[in-house]
Amino acid sequence: MNIELVLFGVFAVMTLLSAGLVITARSPINSAMALVSTFFFLAGIYVLLWAHTVAVIQVLVYAGAIMVLFLFVIMLLNLGDAPHRGKPTVTRLLGGASAVGLLAVLGVTLGRMDAQPARLDAQAQAAFGTMAAIGQSIFTTWLLPFEAVSLLLLVAMVGAVVVAKSRI
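Residues numbered from 1 in each chain as written. Predicted model: local features only at pLDDT ≥ 70, side-chain atom pairs only at ≥ 80, totals over all residues. Heavy atoms only, no water.

Going by an unreviewed UniProt entry, the chain carries the name NADH-quinone oxidoreductase subunit J and comes from Corallococcus carmarthensis. The heading Catalytic activity (unreviewed entry) in the UniProt record of the chain holds the text "a quinone + NADH + 5 H(+)(in) = a quinol + NAD(+) + 4 H(+)(out)". Check the Function (unreviewed entry) section of the UniProt entry for the chain; it says "NDH-1 shuttles electrons from NADH, via FMN and iron-sulfur (Fe-S) centers, to quinones in the respiratory chain. Couples the redox reaction to proton translocation (for every two electrons transferred, four hydrogen ions are translocated across the cytoplasmic membrane), and thus conserves the redox energy in a proton gradient." (UniProt positions renumbered as here; feature names shortened; annotations may be inferred.)

Undergrad: Would you mind going over the domain arrangement of the chain in detail, with residue names and values included?
TA: By the assigned domains, the chain splits into domain 1 (1–81) and domain 2 (130–168). Summarising the inter-unit geometry, the C-alpha centres of domain 1 and domain 2 are found 19 Å apart. Facing the 9 residues of domain 1 at the interface are 10 residues of domain 2. Carbon and sulfur atoms supply 87% of the area buried between domain 1 and domain 2, which totals about 760 Å² over both sides. Put simply, domain 1 and domain 2 have 0 salt bridges between them. (Domains from an automatic or database assignment. Contact = heavy atoms within 4.5 Å. Buried area = accessible area lost by both parts, 1.4 Å probe. Salt bridge = Lys/Arg side-chain N within 4 Å of Asp/Glu carboxyl O.)

Undergrad: Before we move on, can you summarise the layout of surface pockets with the specific residues and values?
TA: Over the atoms rolls a probe the size of a water molecule, and its path tells where empty space is left. In this structure, the largest pocket occupies an estimated 630 Å³ of space. Taken together, 18 residues line the largest pocket, and the ones lying closest to its centre are Ile 57, Val 61, Tyr 62, Ile 138 and Phe 146. Of all the secondary structure elements, the ones that give two or more residues to the lining of the largest pocket are α3 (52–77), α6 (131–141) and α7 (143–167). Element by element, the count of residues in the lining of the largest pocket is highest for α3, at 8 residues. A breakdown of the residues in the lining of the largest pocket according to their chemical character gives 15 nonpolar, 3 polar and no charged. Computed from the structure, the second largest pocket encloses a volume of approximately 230 Å³. Lining the second largest pocket are Leu 49, Trp 50, Pro 117, Ala 118, Arg 119, Leu 120, Gln 125 and Phe 128. (1 Å grid on protein atoms, 1.4 Å probe; cavity = no way out; pocket = protein on both sides within 12 Å on 5 of 7 lines; lining within 4 Å. Points joined across faces, edges and corners; volume = space filled by probe spheres on them. Helix = DSSP H or I, 4+ residues; strand = E, 2+ residues; numbered from the N terminus. Nonpolar A, V, L, I, M, F, W, Y, C, P; charged D, E, K, R; others polar.)

This is the structure:
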């Protein structure tokens, strides 16, 4: 047992716990802060994978910019604590069934995977996680999804401002 394995276990368990808090928190602010901690623990896992650039991007983009936008929208809409409803509804049952179905698909997929991880050649291994490789990937292969996500975030911000203005 080495320190990397111990740290991975700690980061994995804390990621799952904080992700669970995102779902179960009553206050939207507490949920958003739990999401920030989830992003930080994921960045720790990226560091253990020697993907330092991805870890820095995770912290700067998601834990920084995106969460600021989430908190801005939550405060702009003046969302309070959600009322607690204890009885099961159709949407809750469908959500639970969907979660169980996704876990079953994940289990089947993991069961069919090879035990040996794929190996990269020396050149691909040296370029893995560098800014040049990430930029090349984003602006060639993933350009359309990248722009679609940025447009989606812009529309969400404008929509939140419009909804907040109509309440005043």
